[in-house]
Amino acid sequence: MNQWWIAIIAIIVAPIIGGFLAGIDRKITARLQGRYGPPIVQPFYDFFKLLGKSRIATSRMQFVWIYGYLVFMITCVVFLVLKLDLLLLIFLLGFAGISFVLGGFSSKSPYSHFGANRELMQILSYEPVLLLMALGVYAQNGSFMISEIVKPGAAPLLPSLWPIFIAVLLVLTIKLRKSPFDLSTSHHGHQELVKGIMTEFSGPYYALITLTEWYEIVLVLGLVALFWANPLWVGIIIALAAFVLELIIDNIAARMTVGWMVKFTWAVGLVLCVLNIAYLYLIKGGA
Amino acid sequence: MGIINTSRIKSPWIMHFDNSSCNGCDIEVLACLTPLYDVERFGIVNMGNPKHADVLVVTGPVNRRTARVLKNLYAQIPDPKMVIAVGTCACSGGVFHNCYNILGGVDKVIPVDVYVPGCAVKPEAIIDGVVLALQKLSKALGVAK
């Protein structure tokens, strides 16, 4: 029964935290650009306004996929707070990403198709890194369970898995849709590819995507926080510091091409992960 | 429904469309987004996509080719929506009113909520126009302002 309450509280609280993080994102970005910026609660105004807009449909299937995206993402957050299997969480996250891509492909707009193609390339870039992160956790702890990472007395992962941590920061940039990886769609710079994969989603369905993104922010920052889960507040501070770092990178970096993103994340991220896991198994003898 | 109506006032996303303007007004519209005026303070964001927009900001007189595009864009914006005609040309056709290819102001093609005159319009006047449009919307929705 206790598990149910934790799950319900997480489902309610996660989007609120995510919305405030999005508001802080817009405020800090505005200050870095020399502007005053909108109020912190602005994402909530945007969300409720979008809920009240009329529904314009270009394809019936895209709504099914959007609900799939939302439900899979909520399931991922529930997996994280109930301390279940990390590997399964990463597979579910992959399902969520694919649902979003299929939503983009289900309308006939060329902009939407371009955005969906780029989203696929983004998934191609970050999925292997996340998968190897789970393997690294297994090499360190001998278990994929998140409960093994956060159990009292367990050693923090960061000292032995710091190369994987750097790779996960790359994933964070891609998942938060920040420059230089804001390829499939972007929170600003609205003129390129109209709005990418989001082009055909309007009104309440765009609001649902916004809601899913809030869950996503919390989920990905939660994965970052797992690297220092004992005590958890250190992990949360690390996650928030990583979030601010992403904002600064977003404002100082230009958007790169899709090919560069795949090459960069594979050449840097995958190599760091593989070296880290090889070190754990070959030098330290593994789990 | 109260929170949705309040949010509608607090978060107008604009889409800017250039009919056959001389670009004077367009530059002033974009000037509103710069650090000096920073309309994002009021939640105003410039969208490139009519499906995400709430307010259509139109500059320049309507000619026979852009009339079709303007109607199409207006139809693609989900309700509730508003139209602001920015600049003398968009209000009435301006100096181009009797050209052979010009239909006249924006209101010849789509319903206009707010007219912002000026050649070229000052950014302050455009912000005033958006505020006026929001007051009109809040009156229509019955939200105290």
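Residues numbered from 1 in each chain as written. Chains lettered and ligands numbered in written order. Predicted model: local features only at pLDDT ≥ 70, side-chain atom pairs only at ≥ 80, totals over all residues.

Engineer: It is not clear to me how the overall build of chain A should be interpreted in this structure. Could you clarify?
Structural biologist: Tallying secondary structure elements over chain A gives 10 helices and zero strands in all. Taken from N to C terminus, the helices and strands of chain A fall in the order α-α-α-α-α-α-α-α-α-α. The globule rule puts the C-alpha radius of gyration for 287 residues at 19 Å, and the 19 Å found for chain A is close to it. Projected onto its principal axes, the C-alpha positions of chain A cover 60 × 45 × 40 Å. Across the 287 residues that make up chain A, the buried fraction comes to 45%. A separation of at least 24 residues holds for 75% of the contacts in chain A among residues at least 6 apart in sequence. (Helix = DSSP H or I, 4+ residues; strand = E, 2+ residues; numbered from the N terminus. Rg over C-alpha atoms; globule rule 2.2 N^0.38 Å. Buried ≥ 20, exposed ≤ 12 C-beta atoms within 10 Å, placed from the backbone. Contact = placed C-beta atoms within 7 Å.)

Engineer: What should I look at first to understand the overall build of chain B in this one?
Structural biologist: Helix and strand counts for chain B come out as five helices and seven strands. In terms of overall dimensions, chain B has C-alpha extents of about 50 × 30 × 25 Å along its principal axes. Among the 145 residues that make up chain B, the fraction classed as buried is 45%. By sequence separation, contacts in chain B at least 24 residues apart represent 79% of the contacts at least 6 residues apart.

Engineer: Would you take a moment to explain unusual backbone geometry for this structure?
Structural biologist: Negative phi characterises most residues that are not glycine, and trans characterises most peptide bonds. Omega for the peptide link from asparagine 230 of chain A to proline 231 of chain A comes to -5°, which places this bond in the cis form. Among the secondary structure elements, proline 231 of chain A is positioned in the loop between α8 (204-225) and α9 (232-252). Cis peptide bonds are those with omega within 30 degrees of zero, and the linkage from cysteine 119 of chain B to alanine 120 of chain B qualifies with -10°. In this fold, alanine 120 of chain B is placed in the loop between β7 (114-116) and α5 (123-141).

Engineer: Explain the interface of chain B and chain A to me, please; I cannot follow it from the model alone.
Structural biologist: Interfaces are often described in size by the accessible area the parts lose on coming together. Across the contact, 19 residues belong to chain B and 26 residues belong to chain A. Counting residues per element, the side of chain B that touches chain A draws most heavily on helix α1 (residues 2-10) of chain B, at five residues. Split into classes, the residues belonging to the side of chain B that touches chain A amount to five nonpolar, seven polar and seven charged. (Nonpolar A, V, L, I, M, F, W, Y, C, P; charged D, E, K, R; others polar.)

Engineer: Where do I start with the pairing of strand β3 (residues 55-59) of chain B in this structure?
Structural biologist: All names here are of chain B. Taken across its five residues, β3 has five buried, putting it largely inside the fold. Neither face of β3 is open: one carries Val55, Val57 and Thr59, the other Leu56 and Val58, and all of them are buried. Relative to β3, strand β1 (residues 13-18) is paired through five bridges, and the arrangement is parallel. When the sheet's bridge partners are listed, phenylalanine 17 is paired in β3 with valine 58. When β3 meets strand β5 (residues 82-86), the two strands line up parallel, connected through five bridges. (Pairing = 2+ DSSP bridges.)

Engineer: I would appreciate a short explanation of the sheet that holds strand β2 (residues 45-47) of chain B in the present structure.
Structural biologist: Each strand in a sheet pairs with another by means of backbone hydrogen bonds, the pair being arranged parallel or else antiparallel. All names here are of chain B. Reading across the sheet, the five strands line up as β2-β1-β3-β5-β7 and stay open at both edges, with parallel pairing between neighbours. If you trace the sheet from one side to the other, it starts and ends with β2 and β7, each paired once. On average, each strand axis in the sheet is tilted by 30° relative to the strand beside it, whichever way the strands run. Where β5 lies against β7, three bridges are found, and the strand directions are parallel. Residue pairing across strands places valine 86 opposite valine 116, the latter belonging to β7. (Axes fitted to C-alpha atoms, helices over the stretch in contact; angles between N-to-C directions.)

Engineer: For this particular structure, what's the right way to read helix α1 (residues 2-32) of chain A?
Structural biologist: Since the α-helix advances by 3.6 residues per turn, residues separated by three or four positions end up pointing in the same direction. Residues and elements named next belong to chain A. With 31 residues, α1 extends 43 Å between its outermost C-alpha atoms, agreeing within 8% with the 45 Å of an ideal straight helix rising 1.5 Å per residue. Listed as buried for α1 are Ala14, Pro15, Gly18, Gly19, Ala22, Gly23, Asp25 and Arg26. For α1, the secondary structure elements touched by its buried residues are α2 (42-51), α3 (61-81), α8 and α9. Glycine 34 sits one or two residues past α1 and shows a positive phi near 80°. (Expected span 1.5 Å × (residues − 1).)

Engineer: When you look at the confidence of the model for chain B in this model, what are you seeing that I'm missing?
Structural biologist: Interpretation of this model should avoid reading the predicted coordinates in detail wherever pLDDT is low. Averaged over all residues, the pLDDT of chain B is 87; the fraction at 70 or higher stands at 97%. In the model output, the complex is listed with pTM 0.90 alongside ipTM 0.87. (pLDDT = per-residue confidence, 0-100.)

Engineer: Can you walk me through the packing of helix α7 (residues 158-175) of chain A against α9 of chain A in this structure?
Structural biologist: For any two helices packed against each other, the geometry comes down to the angle between their axes and how far apart the axes lie. Residues and elements named next belong to chain A. Remark: α7 packs on α9, axes separated minimally by 10 Å, with the N-to-C direction vectors making an angle of 60°. Between α7 and α9, the interaxial angle falls into the category oblique. Both α7 and α9 take part in a crossing whose hand is right-handed. Contacts between α7 and α9 pair Leu169, Leu172 and Thr173 from the former with Ala242, Glu246 and Ile249 from the latter. Its residues placed into classes, the contact of α7 with α9 shows four nonpolar, one polar and one charged. (Parallel < 35°, antiparallel > 145°, perpendicular 65-115°, else oblique. Left-handed = near helix turned anticlockwise from the far one by under 90°.)

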